Amino acid sequence: MLQFEDFVAGESVRSHSIAVSQDDIIAFASRFDAQDFHTDPEAAKASFVGRLIGSGWHSCSLLMRLMAESFLLDSTGMGAPGIEEVKWLRPLLPGDVVTARRTVIETKASRSRPEMGLVRFRLELLNRRDEPLLEQTNWIMFGRRDSGIAQQPKGDWLAHSVRYERPVHESPLEAPAEAPEPTRFFEELEIGSRHELGSLVFTAEEIIAFARSFDPQPFHMDEAAARESLFGRLAASGWHTAAVWMATMVSHRKRQLAATRGREARLGPSPGFRNLRWSKPVLAGDRITYFSEVVDKRESASRPQWGLFFHRNTGINQHGEEVFSFDGCVFVERKPV
């Protein structure tokens, strides 16, 4: 069992591999990132990428699954407060065989909680050619030796495959009451504009369905184990919370396209995000409403027909408490001259 003291700065360890099929990519995207280039091989040929690729959030979720399998389930791991940065470097492709590599950057004991310590990792998802698809930096909390913090409960947590299977009783995405505005070109985007994207009720069924594929830790999968955890109740994976943000963003975008008259302003890829925070747990029964605000924009030197806009994204629960936030950026088409 790995405890805080077992992690040494500079140490690098590889996981085993997972094969990712076209059906796996479509299954994830159909629920969480239903854009044509993730769900429709034929339509993807006419997109900016030219072929079917996996969602970036799918890549993050696969990395989480590999981390859980390779060391977190055999540790005193206590979760992560957030993610400093994710860089999406290459697309996830059908037929890819992916592995994870974890490298310890630094460790530090907790001042406020002497029974635990924090380990800062650089985590990478690699394809069969050892090319990184994504690079992620974040802290994870671990119990210290002789602290009394036990290993996660034993169980058949890895019985399910990595293909996402939607729950029988699926919570619907709830659209906001306000009518969406049409799509906007780079020049038309207003810094400070904020939009409600949509909401979802995180039922126990939804939480378990995501966790069994991508974050199979007991406090995400089993009510009894969750009661003994820091959460005290069944809690959604942080990556589940993030993936639903993407689902509401895609739904919002489709409503915008329906409201657009004339030529639409296309969106391009996102290079990644920063400062992802899970500030409060999302528990079974919580209703999370997502928002996005334009905070900055700049012209692209490498792609003159495109600009970059930066957005601050949040999730708010039914009590008005922020549970999730991150800073993202994405390419958007410039207005034709």
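Residues numbered from 1 in each chain as written. Predicted model: local features only at pLDDT ≥ 70, side-chain atom pairs only at ≥ 80, totals over all residues. Heavy atoms only, no water.

So, about the overall build of the protein chain. Helices and strands together make up the secondary structure of the protein chain, namely eight helices and ten strands. For a compact globule of 337 residues, the expected C-alpha radius of gyration is about 20 Å, and the protein chain comes in at 20 Å, within 12% of that figure. Oriented by its inertia axes, the alpha-carbon framework of the protein chain measures out at about 65 × 45 × 40 Å. Residue burial in the protein chain is summarised as follows: out of 337 residues, 51% are buried. (Helix = DSSP H or I, 4+ residues; strand = E, 2+ residues; numbered from the N terminus. Rg over C-alpha atoms; globule rule 2.2 N^0.38 Å. Buried < 20%, exposed > 50% of the residue type's maximum accessible area, 1.4 Å probe, protein only.)

Turning our attention to helix 8 (residues 238-259). Compared with the 32 Å implied by 1.5 Å per residue over 22 residues, the 32 Å span of helix 8 between its first and last C-alpha is a close match. Where burial is concerned, most of helix 8 is hidden: 17 out of the 22 residues are buried. Between the side-chain oxygen at the start of helix 8 and the backbone nitrogen of Trp-239 there is a gap of 3.1 Å, and the oxygen is on Ser-237. (Expected span 1.5 Å × (residues − 1). Polar contact = N/O pair within 3.5 Å; in protein donor to acceptor, adjacent residues only side chain to side chain.)

What follows concerns unusual backbone geometry. For Asp-130, which is not glycine, the phi dihedral falls at a positive 65°. Positionally, Asp-130 belongs in the loop between strand 4 (116-126) and strand 5 (132-143). You will see that Asn-275, though not glycine, has its phi angle at about 55°, which is positive.

As a further point, take the sheet that holds strand 3 (residues 97-109). Taking strand neighbours across the sheet as the criterion, the ten strands line up as 1-3-4-5-2-7-10-9-8-6 in an open arrangement whose pairing is antiparallel. With partners counted over all chains shown, the strands left at the sheet margins are strand 1 (12-19) and strand 6 (194-202), one partner each. Strand-to-strand, the axes of this sheet are offset by a mean angle of 20°, without reference to chain direction. Looking at chain direction, strand 1 and strand 3 are connected through six bridges and run antiparallel. Bridging from a neighbouring strand, Val-13 pairs with Arg-102 of strand 3. On top of the sheet, helix 8 reaches strand 2 (82-88), strand 5, strand 6, strand 7 (272-277), strand 8 (286-299), strand 9 (306-316) and strand 10 (322-333); it is set at about 130° to strand 6, its chief contact. (Pairing = 2+ DSSP bridges. Axes fitted to C-alpha atoms, helices over the stretch in contact; angles between N-to-C directions. Contact = heavy atoms within 4.5 Å.)

This brings us to the pattern of salt bridges. Enumeration according to the criterion identifies 26 salt bridges in this entry. We note a salt bridge from Arg-31 to Glu-170, for which the minimum N-O separation is 3.5 Å. In this pair, Arg-31 sits in helix 1 (residues 22-32) while Glu-170 sits in the loop between strand 5 and strand 6, placing the two residues 139 residues apart along the sequence. The structure contains a network of salt bridges with shared partners spanning Arg-31, Arg-166, Glu-170 and Glu-206. (Salt bridge = Lys/Arg side-chain N within 4 Å of Asp/Glu carboxyl O.)

With that out of the way, let us pick up the packing of helix 5 (residues 204-214) against helix 8. For the pair helix 5 and helix 8, interaxial distance at closest approach is 9 Å and the crossing angle is 105°. Compared by their axis directions, helix 5 and helix 8 come out roughly perpendicular. Here Glu-206, Ile-207 and Phe-210 of helix 5 come into contact with helix 8, specifically with Trp-239, His-240 and Ala-243. The residue makeup of the contact of helix 5 with helix 8, split by class, is four nonpolar, one polar and one charged. (Parallel < 35°, antiparallel > 145°, perpendicular 65-115°, else oblique. Nonpolar A, V, L, I, M, F, W, Y, C, P; charged D, E, K, R; others polar.)

Below, the discussion takes up the environment of Leu-52. Mapped onto the secondary structure, Leu-52 falls in the loop between helix 3 (41-44) and helix 4 (56-70). C-alpha of Leu-52 to C-alpha of Asp-36: the two residues are 16 residues apart in sequence and 8.1 Å apart in space. Each residue touching Leu-52, except ones within four places of it in the same chain, is listed here: Gln-22, Ile-25, Ile-26, Asp-36, Phe-37, His-38, Thr-39, Asp-40, Pro-41, Ala-44, Leu-93 and Pro-94.

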